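# Summary of the model geometry
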Amino acid sequence: MTGAFASLTAGRLGLITAGVVLAALFPLVYHDPYYMTIIVTAEIVLILNISWNFVLGMAGVWNFAQLAIYALGAYGSGWLMLHQTWIPVPVAIVLGGLFAAVVSVLLAFPTLRLFGIYTSLLTFAFAQVVQYVALNNPRNLTGGSYGYPSVPGLFPHLGQTAYLRAYYWVCAGVIVASCLAVAWLRQSHLGIALRSIRDAPAYTAARGVNPRAARVAAFGLSGFLAGIAGGLYLSFEQSFTTNQMGLTPMSIDVTMLVIGGIGTVTGPLIGTAILTVIHTQLINYPGWEFTVLGIILLVIVIFVPGGLVGLISRADRRVRSWVAEGADAEA
Amino acid sequence: MTEIVAIIANAVVYGSIYGLVAIGMTLIYGTLRILDMSQGSMVMVGGYVGWWAMATHGINPALALVLAFVFTFGLGTVTELVSVQPLIGRQKSVDFEMVTFITTFAVAIFLTNVALQHFGPFQQNVPSIVGGNLELYNRVSISYHELTMAGISVVLMSGLGLFLARTRWGLAIRAVAQDLDAARSLAVPVTRLYPLTMGLASALAGVGGVFLGALYFASPTAGDLPLLQALIVVVLGGLGSLSGTLYAAYLVGLMQAFCEVEFGTTWTLPILYTAILVILIVRPNGLKGSPSEARL
Amino acid sequence: MSATLEVHGLAAGYDQSIVVRDLDLVVEAGSTVVVIGPNGHGKTTLLRAISGLIKPARGEVLLDGERIDGRPAERISAMGVVHVMQGDGLFADMTVEENLLMGAFHGASWRHRGTALKRVYHELPVVEEKRAQKARTLSGGERRLVGLGRGMMRPARLLLIDEPSLGLAPVAIEAVYAVIRRLHDESEAAIILIEENFTHIEGVADLVHILEAGSLVRSGSYAELSQDRTVVETYLGSIAEPGA
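What you are looking at is a predicted structure, and each value in this text was computed from that prediction instead of being measured. The residue numbers shown here count from 1 along each chain, following its written sequence. The order in which chains are written sets their letters, starting at A; the order in which ligands are written sets their numbers, starting at 1. Two thresholds apply to this predicted model, a pLDDT of at least 70 for residue-level local features and 80 or more for giving and counting side-chain atom pairs, whereas whole-chain, interface and lining totals are computed over all residues. In computing side-chain properties, one takes all heavy atoms of the structure into account and sets aside hydrogens as well as water.

### Overview of the overall build of chain B
Of the regular secondary structure elements, chain B holds 11 helices and 2 strands. Helix numbers and strand numbers start at the N terminus; a helix is a DSSP run of H or I with at least 4 residues, a strand a run of E with at least 2. Listing every helix and strand of chain B by position from the N terminus yields α-α-α-α-β-β-α-α-α-α-α-α-α. Atoms counted for the radius of gyration: C-alpha only. Globule rule: 2.2 Å times the number of residues to the power 0.38. Against the 2.2 N^0.38 benchmark of 19 Å for 296 residues, chain B shows a C-alpha radius of gyration of 19 Å, consistent with a compact globule. Here the C-alpha coordinates of chain B stretch approximately 60 × 45 × 35 Å along the principal axes. Burial statistics for chain B: of 296 residues in total, 59% are counted as buried. It only takes one pair of heavy atoms within 4.5 Å for two residues to be counted as in contact. Put simply, of all contacts in chain B between residues at least 6 apart along the chain, 75% involve residues at least 24 apart. Here the Shrake-Rupley method, with its probe set to 1.4 Å, supplies the accessible areas, and only the displayed protein chains count as covering residues. For chain B, the computed accessible surface area is about 11,000 Å², with 66% contributed by carbon and sulfur atoms. Burial here depends on accessible area, computed with a 1.4 Å probe over protein chains only, as a share of the maximum for the residue type. Under 20% is buried, over 50% is exposed, and the range in between is partly exposed.

### Regarding the environment of B:I17
Along the polypeptide, B:I17 turns up in helix α1 (residues 2-32). Given a relative accessible area of 6%, B:I17 falls into the buried group.

### Digging into the sheet that holds strand β4 (residues 58-63) of chain C
Residues and elements named next belong to chain C. Strands were regarded as paired on the criterion that DSSP finds at least two bridges between them. Strand order in this open sheet of 4 strands is β2-β1-β4-β5, and the pairing throughout is antiparallel. Both outer strands of the open sheet, β2 (17-27) and β5 (66-67), are each paired with one neighbouring strand and no more. Whenever a helix is involved, its axis is fitted only over the stretch in contact; in every case the axis is a line through C-alpha atoms, and angles between N-to-C directions fall within 0 to 180 degrees. Packed on one face of the sheet, helix α1 (residues 43-51) meets β1 (5-14), β2 and β4 and runs near 115° to β1.

### Let's talk about the interface of chain B and chain A
Where the parts come together, the accessible area they lose is often given as the size of the interface. Across the boundary between the two partners, chain B contributes 45 residues, which contact 37 residues of chain A. Here, a salt bridge means any Lys or Arg side-chain nitrogen found within 4 Å of an Asp or Glu carboxyl oxygen. Counting across the chain B and chain A interface gives 0 salt bridges. Residues adjacent in sequence count toward polar contacts only when both atoms are side-chain atoms; beyond that, a polar contact is any pair of N or O atoms within 3.5 Å, and within protein one must be able to donate a hydrogen and the other to accept it. Here chain B is connected to chain A by 0 residue pairs in polar contact (both at pLDDT 80 or more). Put simply, the parts of the chain that give the side of chain B that touches chain A at least two residues each are α3 (61-83), α4 (93-119), α9 (224-237) and α11 (268-282) of chain B.

### Considering helix α8 (residues 189-199) of chain A
Among the residues making up α8(A), those that are buried are A:L190, A:G191, A:A193, A:L194 and A:I197. Buried residues of α8(A), seen end-on, are gathered within an arc of 165° and therefore sit on one face of the element. Comment: arc refers to directions from the helix axis out to C-beta atoms.

### Details of the confidence of the model for chain B
The pLDDT averaged across chain B works out to 84; a share of 94% of its residues lies at or above 70. The secondary-structure element of chain B with the lowest mean pLDDT is strand β1 (residues 133-137) of chain B, recorded at 75, while α3(B) shows the highest, at 93. Note: pLDDT gives the predictor's confidence per residue, expressed from 0 to 100.

### Topic: the arrangement of the chains
The assembly contains 2 pairs of chains in contact; the pair sharing the most contacts is chains A and B. Spatially, chain A and chain C are disjoint, and the shortest separation between their C-alpha atoms is 12 Å.

### A short note on the environment of C:R119
All names here are of chain C. Mapping R119 onto the fold places it in helix α5 (residues 113-123). For R119, a relative accessible area of 42% translates into the label partly exposed. Sequence separation of R119 and M153 is 34 residues, and the distance between their C-alpha atoms is 8.4 Å.

### Concerning the sheet that holds strand β8 (residues 190-195) of chain C
Residues and elements named next belong to chain C. Read across the open sheet, the 6 strands follow the order β6-β7-β8-β3-β9-β10; overall the sheet is mixed. What marks the edges here is a single partner per strand, and that holds for β6 (81-84) and β10 (215-220). For this sheet, the mean inter-axis angle between neighbouring strands, taken without regard to orientation, is 20°. Looking at chain direction, strand β3 (residues 32-36) and strand β9 (residues 207-212) are connected through 4 bridges and run parallel. Within β9, the residue paired with V34 across the bridge is V208.

### Observations regarding the interface of chain C and chain B
Contacts between the two partners involve 28 residues from chain C and, on the opposite side, 23 residues from chain B. At the boundary of chain C with chain B, the tally comes to 3 salt bridges. For C:E74, the salt bridge is made with B:R184, and the minimal N-O distance between the two is 2.8 Å. Across the chain C-chain B interface, the total number found is 8 residue pairs in polar contact (both at pLDDT 80 or more). Counting residues per element, the ones that place at least two in the side of chain C that touches chain B are α2 (73-78), β6, α3 (96-103) and α4 (107-111) of chain C. Residue type decides the class: Asp, Glu, Lys and Arg count as charged, Ala, Val, Leu, Ile, Met, Phe, Trp, Tyr, Cys and Pro as nonpolar, and the leftover types, Gly among them, as polar. Taken together, the residues of the side of chain C that touches chain B sort by class into 14 nonpolar, 7 polar and 7 charged.

### A word on the pairing of β10(C)
Side chains on a regular strand alternate between the two faces of the sheet. All names here are of chain C. Two elements, β9 and β10, share 5 bridges in a ladder whose sense is antiparallel. Residue I210 lies in a different strand from β10, and its bridge partner there is R218. The loop that links β9 with its antiparallel partner β10 comprises 2 residues; one of these, A213, has a positive phi angle of about 50°.

### Digging into the pattern of salt bridges
All names here are of chain C. Under the definition given, this model contains 13 salt bridges over all chains. In this structure, the salt-bridge partner of K43 is E163, at a minimum N-O distance of 3.8 Å. Pair noted here: K43 is in helix α1 and E163 is in the loop between β7 (158-162) and α8 (170-186), with a separation of 120 residues, a long-range link. Of the two residues, K43 and E163, neither departs from the other in class, the shared state being buried. Salt bridges sharing partners connect three or more residues here, namely E60, R67 and D69.

### Structural notes on the packing of aromatic side chains
Each Phe, Tyr or Trp ring (for Trp, its six-membered ring) is paired with any other whose centre lies within 6.5 Å, and the angle between the two planes then decides the class: stacked below 30 degrees, edge-to-face above 60, tilted in between. For the coordinates displayed, the defined rule picks out 16 aromatic pairs over all chains. In this structure an aromatic cluster arises from ring pairing among A:Y70, A:Y75, A:Y233 and A:F240. Sitting over a ring, as applied to charges here, requires NZ of Lys or CZ of Arg to be within 6 Å of the ring centre and within 35 degrees of the ring normal. The ring of C:F105 is capped by B:R168, whose NZ or CZ atom sits 4.4 Å from the centre of that ring.

### Let's talk about a nonpolar patch on the surface
All names here are of chain B. Exposure above 30% relative accessible area and the lack of any salt bridge qualify a residue for a patch; like charges then connect within 9 Å, and the nonpolar side chains Val, Leu, Ile, Met, Phe, Trp and Tyr within 5 Å. On the surface, M1, I4, I8, V12, L136 and Y137 cluster together into a nonpolar patch covering about 560 Å² of accessible area. Looking at the nonpolar patch, the elements that each hand over two or more residues are α1 and β1. The element that contributes the greatest number of residues to the nonpolar patch is α1, accounting for 3 residues. Within the element layout of this structure, I8 appears in helix α1.

### Focus: the side chain of C:R144
Residue and element names in this part refer to chain C. Summarising the element assignment, R144 is placed in helix α7 (residues 140-151). When its relative accessible area of 11% is taken as the criterion, R144 is described as buried. With residues near it in sequence (within four places) discarded, R144 still touches G87, E163, P164, S165, L166, L168 and V176.

Structure below.
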């Protein structure tokens with residue numbers, strides 16, 4: 001496991017492990033159900049963001065259909081939970097993820113021929129179609145604007161505190177697994193291929209990397225994760241409305257990615273955390289919340305394009321070179 | 001026969017709406033190579049200006065239109081200076097398009113929510129520019145307001161065409177669209193030209209907003225649908241092609257009119273979007289588009 | 001009296017690679033300087049760095065004693081630097097006349113565009129013939145002439161011409177160089193002409209510089225350099241060997 005974690009010094013590894021352990025122990029000491037619900041929801045959004053970050057930031061593909069894929073994962077696993085009750089719920093969620101992955105892969109193919117910005121329009125149009133179709137609730141598959149009916153879910157028999165804790169841990173597990181996966185993928189052939197396609201497309205083609213396969217893979221993998229997030233959401237909230245894939249959550253998620261830093265591994269974590277906090281503070285003033293959101297998005301993109309992660313790593317490098325200079329001077 | 005008249009009448013009306021709303025977006029894409037997601041909000045702002053001027057202050061319609069034009073022109077200029085200008089020259093062109101997609105989107109969010117805070121989520125009635133209806137055939141009628149809108153739309157679009165073809169600054173805008181470096185080497189002040197272009201485009205959308213307001217109310221989210229409609233038209237026509245946008249506007253208007261009469265309004269937009277999907281798959285650059293050439 | 005153009009220690013390039021390194025150049029008013037060099041060694045980069053289309057990484061560029069390096073291209077152009085770009089830099093979807101008019105875009109020149117247009121049509125009747133055609137429909141040679149014509153639409157202190165003979169048939173090259181020779185004779189501007197080889201520059205060049213690997217390695221008059229065997233062999237032009 002050299003490549004992915006080469007940048008991890010012992011210190012950093014220690015910090016991360018400590019963080020993970022603390023996060024795991026957290027629900028044992030904290031019980032407020034209102035905030036725990038928010039936290040679990042934020043975890044699910046984070047999974048979605050990690051998936052979106054992979055295709056948007058690391059592969060550099062203008063994919064604006066991610067929320068529709070997420071929804072399809074929810075609808076897919078929901079259908080299985082309701083109508084194929086012999087399938088255990090965790091499997092249903094995974095299958096929902098696979099369904100979303102397949103759709104995502106199918107969506108990838110037309111984008112292969114398209115010039116950058118047209119991809120955004122194609123995926124955007126696709127997302128709109130999915131949303132409209134879902135709103136019209138064909139054959140009761142989506143629940144229309146009332147939302148999906150209640151499903152068995154992962155932990156149907158737990159009391160409230162235990163329910164929240166269980167979901168917290170499951171989601172945290174998925175988050176850790178996906179972060180590890182993303183970090184590993186980054187260093188893998190696929191990750192390098194994706195980054196070189198993003199940064200220098202002509203060069204990549206000349207080097208014999210197959211950009212099409214890489215892109216399709218990126219769509220598929222991110223679709224899978226998004227689908228799982230959808231299934232988790234449906235299972236946790238016991239509902240899923242078409243609003244979940246509208247422009248509003250999309251703007252929130254984009255802002256989360258941008259604040260954290262598109263294309264970085266930890267970016268989505270930071271961005272999701274910060275915006276969730278802002279969201280809880282401003283939840284009673286939707287007008288203000290989004291005005292602030294718009295401003296933040298604008299300011300960050302212009303002044304801090306690498307997001308907060310970029311800012312921190314730049315600061316970190318400066319501190320280290322300052323320290324190195326000091327050491328040199330003394331030597 | 002009644003159906004055909006209804007379809008054509010509606011097609012003309014829709015086509016002019018789409019034209020006004022999309023033409024600005026194409027102008028911006030042609031010169032700046034960005035997709036301006038704030039165009040929808042300019043329509044919304046225009047609607048509010050129309051309401052404020054005509055409903056609350058009794059200002060006459062013609063003056064209201066001028067006010068909307070001027071106000072959204074200014075707003076568009078500021079939007080460019082705030083959300084596009086700082087990013088120019090900073091990064092690779094593909095990143096530039098994506099980032100400005102986000103920043104102009106951010107401006108749209110900002111404007112929508114300022115309107116929400118200030119006016120509340122209520123729909124406001126915007127008075128018609130001209131009252132009364134014209135009966136066409138067998139009880140199919142078209143309002144004078146809609147006729148005026150179609151007329152003004154044609155006037156504005158021709159005006160834009162003349163401006164681009166015959167004036168010094170119109171020529172400069174086309175030059176920048178076709179070859180930025182060559183234009184710069186001919187002393188075209190691109191840093192002044194960009195805000196001007198975006199202001200002009202936003203002004204067109206603003207005027208469209210006044211007309212649309214009478215048909216669909218002024219509200220903070222009044223710009224959402226026009227934005228989506230503009231995207232459809234602009235993609236179909238080929239990004240950056242003015243003539244393509246015009247054809248596409250009336251084509252989409254026709255498609256929408258046809259869908260509504262035959263299938264009812266619920267399925268119209270999904271059908272339109274599916275049409276885009278199909279067209280993009282078959283013709284990756286839209287009906288008349290081609291990525292390496294600009295046709296402004 | 002300072003020269004029209006002075007370049008000191010110029011370094012310029014794209015993204016991470018430096019193409020022009022430590023280049024010095026002086027061009028006097030009214031003279032025509034030719035820079036010869038192989039492809040990829042920095043000729044076009046040099047002109048673009050002077051006209052401001054790219055920003056120099058290091059060094060100074062002075063126009064009549066005033067520093068212009070680092071300024072945006074549109075400002076430098078407004079100061080009287082006319083850059084006739086490689087290929088032709090024409091606006092493909094505009095007519096020939098519209099292209100020419102854009103040459104006079106800058107403030108004062110715009111007012112006199114009618115006169116300038118007449119003058120250019122007089123000098124280049126071929127261009128006048130095609131005035132209403134879209135630039136994309138013209139042949140390579142015709143487009144090159146339009147490009148030159150566009151550069152003639154306003155008074156220039158410094159005229160930069162990038163490989164005017166590139167990709168043209170001999171007849172077209174003749175026509176293009178006829179115009180360049182007239183400019184050399186009649187214009188007060190300092191002219192920098194870049195070419196890949198010696199073939200056509202006799203009679204036009206007051207001074208010739210050889211550009212290799214981003215710097216000027218040799219300079220001299222056309223007569224001197226065209227006698228030099230190594231130079232001639234490297235930049236194989238059509239300087240015929242006597243009795244060959």
